[in-house]
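Each chain is listed here by its residues.
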Amino acid sequence: MQPRAPMRPRPARPRLVLIGTGGTIAATAGDARTLTGYRVTQGIEAMLAAIPGAAEVADIRCEQPFNVDSRELTTARVLRLARAVERHARAADVDGVVVTHGTDSLEETAFFLHLTVRSPKPVVLVGAMRPASALSADGPLNLVNALLAAADPASRGRGVLVAMNDRIVAARHAAKRHTTRVDAFGADGAGVLGAVTDGQVRYVLRPDLPDTAEFSLAGLRALPPVDIVLDYQDAPAHPYAAAIRAGSRGIVVAAMGNGSLSPAAAQGCALAARRGLVCVRASRVPDGLVTDSGASGPLAAHALNPLQARIALRLALARGMDRAGIGDLLRRL
């Protein structure tokens, strides 16, 4: 009788933490045909249990710090989430973190985590454009794909990721580009790093800035207020005066073209600068860089859109960076 060959040990399953924050992916409506009128009703554990095969991807622990529409997120909640993500990412018994999130402000949270979470482990944000009760809900497959991406060793060192509609997008480039379609989230060519197809994760690009983590969360209890002001033809100057009166520490102008300012915007930024505020010229144009315009005047946002520039400026001001340091930071990001 031939001796039995020794049994090979079964490979260890990836260990993931799934953090639920709410959003459309956790919402339901009274009619399966309703795609836009819904309420957040599902907790993260119930959501995971309802998706066939989701729990088979990895050993998954769930956490629910809050359960709201992402339009209701506050600085305090985002800081709470960021600390939870970093705590789990640093744990020796965790291989990756997935965050379910509403799509309305997902790109803001993703960029904040990109700037603050210090870990090579995968951190993947995921949402849905249709509620769980819809006939063609996209949330279940999006969540499974996000779990697969977080469990794949190839996702390490690529920075914070967003998994939506089969794509894997770098958080640095993620943006919501349609109000209702399931392919609402995209990025420019450099931002789409890979895809999940038939349960297989495949990467084709690695970003030059995979894990910026410019800022530490240690001791960060609040962020100073920074306003975004949209510029346009015949724009008024009173939004800048209002921001000064409200106690804002900085203003980001969603300007025209290459950060071009209307006369009122230029006057408003000059007034704000005299009052000690830091002003930044971003652009309302989706693609392209905002170039420097000299030593004086508002700083250039360079590759950052207005939302990203606001987040970076708030973090920089919270850490006491001066104008020159902020300018270097914006150029680097």
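Cut-off values and rules
- Residues numbered from 1 in each chain as written.
- Predicted model: local features only at pLDDT ≥ 70, side-chain atom pairs only at ≥ 80, totals over all residues.
- Heavy atoms only, no water.
- Buried < 20%, exposed > 50% of the residue type's maximum accessible area, 1.4 Å probe, protein only.
- Helix = DSSP H or I, 4+ residues; strand = E, 2+ residues; numbered from the N terminus.
- Arc of directions from axis to C-beta.
- Contact = heavy atoms within 4.5 Å.
- Phe/Tyr/Trp six-rings, centres within 6.5 Å; stacked < 30°, edge-to-face > 60°.
- Lys NZ or Arg CZ within 6 Å of the ring centre and 35° of its normal.
- Expected span 1.5 Å × (residues − 1).
- Pairing = 2+ DSSP bridges.
- Salt bridge = Lys/Arg side-chain N within 4 Å of Asp/Glu carboxyl O.
- 1 Å grid on protein atoms, 1.4 Å probe; cavity = no way out; pocket = protein on both sides within 12 Å on 5 of 7 lines; lining within 4 Å.
- Points joined across faces, edges and corners; volume = space filled by probe spheres on them.
- Nonpolar A, V, L, I, M, F, W, Y, C, P; charged D, E, K, R; others polar.

Draft legend 1. Summary view of helix α5 (residues 238-245). Taken together, the buried positions of α5 are Tyr 240, Ala 243 and Ile 244. End-on view of α5: buried residues confined to an arc of 100°, all on one side of the axis. Set apart from the buried face of α5 by more than 90 degrees, the exposed residues are His 238 and Arg 245. Packed against the buried residues of α5 are β13 (226-230), β14 (250-255) and α6 (263-274). Once α5 finishes, Gly 247 follows within two positions and takes phi at roughly 90°, a positive value.

Draft legend 2. View of the packing of aromatic side chains. Using the criterion set out here, one finds zero aromatic pairs in the structure. Arg 77 extends its terminal NZ or CZ atom over the ring of Phe 66, reaching a point 5.7 Å from the ring centre. Note that Arg 158 overlies the ring of Tyr 203, its terminal NZ or CZ placed 3.9 Å from the centroid.

Draft legend 3. Quick peek at α6. Taking 1.5 Å per residue as the helical rise, α6 with its twelve residues ought to reach 16 Å, and the 17 Å between its terminal C-alpha atoms agrees with that figure. Within the span of α6, buried status applies to Ala 264, Ala 265, Gly 268, Cys 269 and Ala 272. Down the axis, α6 shows its buried residues gathered within 130° of arc, on one side only. Away from its buried face by more than 90 degrees, α6 exposes Pro 263, Gln 267 and Arg 274. Looking one or two residues beyond α6, the residue adopting positive phi is Gly 276, at roughly 95°.

Draft legend 4. Structural detail: the sheet that holds β14. Strand order in the open sheet made by the four strands is β13-β14-β15-β16, with parallel pairing throughout. This sheet does not close on itself; its edge strands, each paired only once, are β13 and β16 (299-300). Relative to β16, strand β15 (residues 278-283) is paired through two bridges, and the arrangement is parallel. Opposite Arg 281, over in β16, you have Ala 300 as the bridge partner.

Draft legend 5. Seen up close, the pattern of salt bridges. As enumerated under the stated definition, the model contains twelve salt bridges in all. The salt bridge involving Arg 33 is made with Asp 31; its shortest N-O contact spans 2.9 Å. Since its relative accessible area comes to 29%, Asp 31 is described here as partly exposed. Between Arg 181 and Asp 183 there is a salt bridge whose closest N-O contact spans 2.9 Å. By relative accessible area, Asp 183 is classed as partly exposed at 29%. Beyond isolated ion pairs, a larger network of salt bridges with shared partners links Asp 292, Asp 328 and Arg 331.

Draft legend 6. Quick look at the layout of surface pockets. The computed volume of the largest pocket comes to approximately 500 Å³. As for the largest pocket, its lining consists of 23 residues, and the residues nearest its centre are Arg 177, Val 285, Pro 286, Asp 287 and Asn 305. Sorting the residues of the lining of the largest pocket by element identifies β9 (175-176) and α7 (306-318) as the ones contributing at least two each. Take the lining of the largest pocket: its biggest share by element is three residues, from α7. Its residues placed into classes, the lining of the largest pocket shows ten nonpolar, six polar and seven charged.

Draft legend 7. A look at the pairing of strand β8 (residues 167-170). In this sheet, β8 lies alongside strand β7 (residues 160-164) in antiparallel orientation, the contact comprising four bridges. Of the residues in β8, the one forming a bridge with Val 162 is Val 169. The antiparallel pairing of β7 with β8 creates a hairpin that spans two residues between the two strands, and Asn 165 there sits at a positive phi of about 50°. Sheet analysis places β8 next to strand β11 (residues 192-197), joined by three bridges and oriented antiparallel. Bridging from a neighbouring strand, Arg 167 pairs with Ala 195 of β11.

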